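What follows is the residue order along each chain.
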Amino acid sequence: MNAIDRLVGLLTKLPGIGKKTAGRLAYFILDADPSYARQLAEELQSLHDHIRRCSVCGSFTESDPCPICQDPGRDQSVLCVVERAQDVRVIEEGHEFHGRYHVLGGLIAPLDGIGPDKLAIGQLMNRIRRGGIREIILALNPTVEGDTTALYLHKILKETGVQVSRLASGLPVGGDLEYADRLTLSRSFRGRIPM
């Protein structure tokens with residue numbers, strides 16, 4: 001294998017990057033100014049030196065605790081529970097949520113050997129026991145694993161007296177009924193709201 005093949009092989013290990021896209025990226029880097037490749041390599045190399053997990057919420061940050069956990073203007077009584085650190089970024093880009101976060105680090109997936117003990121559920125319970133949290137919003141993907149995790153969390157959180165809610169799911173804005181799958185339609189009907 002030559003250097004291009006090795007780079008393509010490494011790029012295909014990234015999520016959502018197939019062999020064709022990896023090839024396009026590799027040739028883009030080759031066609032770009034060499035300083036771009038050096039800067040990209042330096043940023044990748046220093047990533048683990050500068051970025052760590054927030055000791056409070058589990059999100060990625062350069063400072064510990066992260067800016068969101070340090071922000072006194074955020075509602076400390078509302079906690080949004082997400083699967084991965086990148087979910088925090090997605091929610092933040094929407095500018096709708098003004099509370100704090102808790103990153104589970106995955107979802108319960110028994111077939112993959114991932115049980116509740118492998119997630120940051122214990123840390124979540126510790127945050128609740130410390131007090132001050134009145135609502136937990138479960139912002140988990142509407143998949144089998146997401147539903148399983150949400151049901152498990154709802155069960156154990158019920159005993160804490162904290163209000164538990166889950167993000168609505170159903171038809172997307174601009175979506176067409178003709179292309180909606182059965183599960184999406186079912187969730188849309190169950191989650192309907194009065195007008």
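Bear in mind the structure is a predicted one, so any value in this text is a computation, not a measurement. (Residues numbered from 1 in each chain as written. Predicted model: local features only at pLDDT ≥ 70, side-chain atom pairs only at ≥ 80, totals over all residues. Heavy atoms only, no water.)

A. Region of the structure containing helix α3 (residues 34–50). The first and last C-alpha atoms of α3 sit 24 Å apart over 17 residues, in line with the 24 Å expected at 1.5 Å per residue. Of all the bends in α3, the greatest, near 25°, is centred on Leu-44. (Helix = DSSP H or I, 4+ residues; strand = E, 2+ residues; numbered from the N terminus. Expected span 1.5 Å × (residues − 1). Bend = angle between axes of the 7 residues up to and from the residue.)

B. Quick look at the pattern of salt bridges. Per the counting criterion, the structure on display carries six salt bridges. Where Arg-89 meets Glu-93, a salt bridge forms, and the shortest distance between an N and an O atom there is 3.8 Å. Taken together, the residues Arg-89 and Glu-93, both in helix α5 (residues 85–93) and four residues apart, mark about one turn of the helix. Classification of Arg-89 by relative accessible area gives exposed; the value is 60%. (Salt bridge = Lys/Arg side-chain N within 4 Å of Asp/Glu carboxyl O. Buried < 20%, exposed > 50% of the residue type's maximum accessible area, 1.4 Å probe, protein only.)

C. Just the nonpolar core, in detail. Ranked by internal contacts, the top residues of the largest apolar core, which has 19 residues, are Ile-128, Ile-136 and Leu-153. Elements with a contribution of two residues or more to this core: β3 (78–82), α6 (121–129), β5 (135–139) and α7 (144–158). For Ile-128, the contacting residues outside a window of four places in its chain are Ile-133, Ile-136, Leu-157, Thr-160 and Val-162. Residues Cys-66, Val-88, Phe-97 and Ala-139 belong to the second largest nonpolar core, which totals 14 residues. (Core = buried A, V, L, I, M, F, W, Y, C linked by side-chain atoms within 4.5 Å. Contact = heavy atoms within 4.5 Å.)

D. Layout of the packing of aromatic side chains. Taken as a whole and judged by the stated rule, the model has two aromatic pairs. When the ring of Phe-28 is compared with that of Tyr-36, the centres are 5.9 Å apart and the planes differ by 85°; the resulting orientation is edge-to-face. Relative to Tyr-101, the ring of Phe-97 lies with its centre 5.2 Å away and its plane at 65°, an arrangement referred to as edge-to-face. For Phe-97, a relative accessible area of 14% puts it in the buried group. (Phe/Tyr/Trp six-rings, centres within 6.5 Å; stacked < 30°, edge-to-face > 60°.)

E. A look at the packing of helix α1 (residues 3–11) against helix α2 (residues 19–31). Put simply, α1 and α2 touch, their axes get as near as 8 Å, and they point 125° apart. Taken together, α1 and α2 sit at an angle that is classed as oblique. Once α1 is placed against α2, the crossing between them reads as right-handed. Between α1, through Ile-4, Leu-7, Val-8 and Leu-11, and α2, the contact on the second element is made entirely by Lys-19, Ala-22, Gly-23, Leu-25, Ala-26, Tyr-27 and Leu-30. (Axes fitted to C-alpha atoms, helices over the stretch in contact; angles between N-to-C directions. Parallel < 35°, antiparallel > 145°, perpendicular 65-115°, else oblique. Left-handed = near helix turned anticlockwise from the far one by under 90°.)

F. Representation of a nonpolar patch on the surface within the structure. Taken together, Phe-28, Tyr-36, Leu-40, Leu-44 and Leu-47 make up a surface patch of nonpolar side chains, about 480 Å² in accessible area. Top element by residues in the nonpolar patch is α3. It accounts for four residues. Topologically, Tyr-36 is positioned in helix α3. (Patch = residues over 30% accessible without salt bridge, like charges linked within 9 Å, V, L, I, M, F, W, Y side chains within 5 Å. Areas by Shrake-Rupley, 256 points an atom, 1.4 Å probe, with all protein chains shown as cover.)

G. The arrangement of the side chain of Ser-77 in detail. Within the secondary structure layout, Ser-77 lies in the loop between α4 (67–70) and β3. Looking at Ser-77, its side chain comes within polar contact range of the side chain of Asp-75, at 2.6 Å. In this view, Ser-77 contacts Gly-132, Ile-133, Arg-134 and Glu-135; residues no more than four positions away in its chain are not counted. (Polar contact = N/O pair within 3.5 Å; in protein donor to acceptor, adjacent residues only side chain to side chain.)

H. Representation of the pairing of strand β6 (residues 163–166). For β5 and β6, the ladder comprises four bridges, and the chain directions are parallel. By the bridge assignment, Ile-136 is partnered in β6 with Val-164. Since β5 and β6 lie parallel, the crossover through α7 that links them has a hand, and here it is right-handed. (Pairing = 2+ DSSP bridges. Right-handed = clockwise from strand over helix to strand, strands pointing away.)

I. Seen up close, the packing of α6 against α7. Packing of α6 against α7 brings their axes to within 12 Å, and their N-to-C directions diverge by 35°. Two packed elements cross with a definite hand, and for α6 against α7 that hand is right-handed. Along its contact with α6, which presents Ile-121, Leu-124, Met-125 and Ile-128, the element α7 presents Tyr-152, Leu-153, Ile-156 and Leu-157. A breakdown of the residues in the contact of α6 with α7 according to their chemical character gives eight nonpolar, no polar and no charged. (Nonpolar A, V, L, I, M, F, W, Y, C, P; charged D, E, K, R; others polar.)

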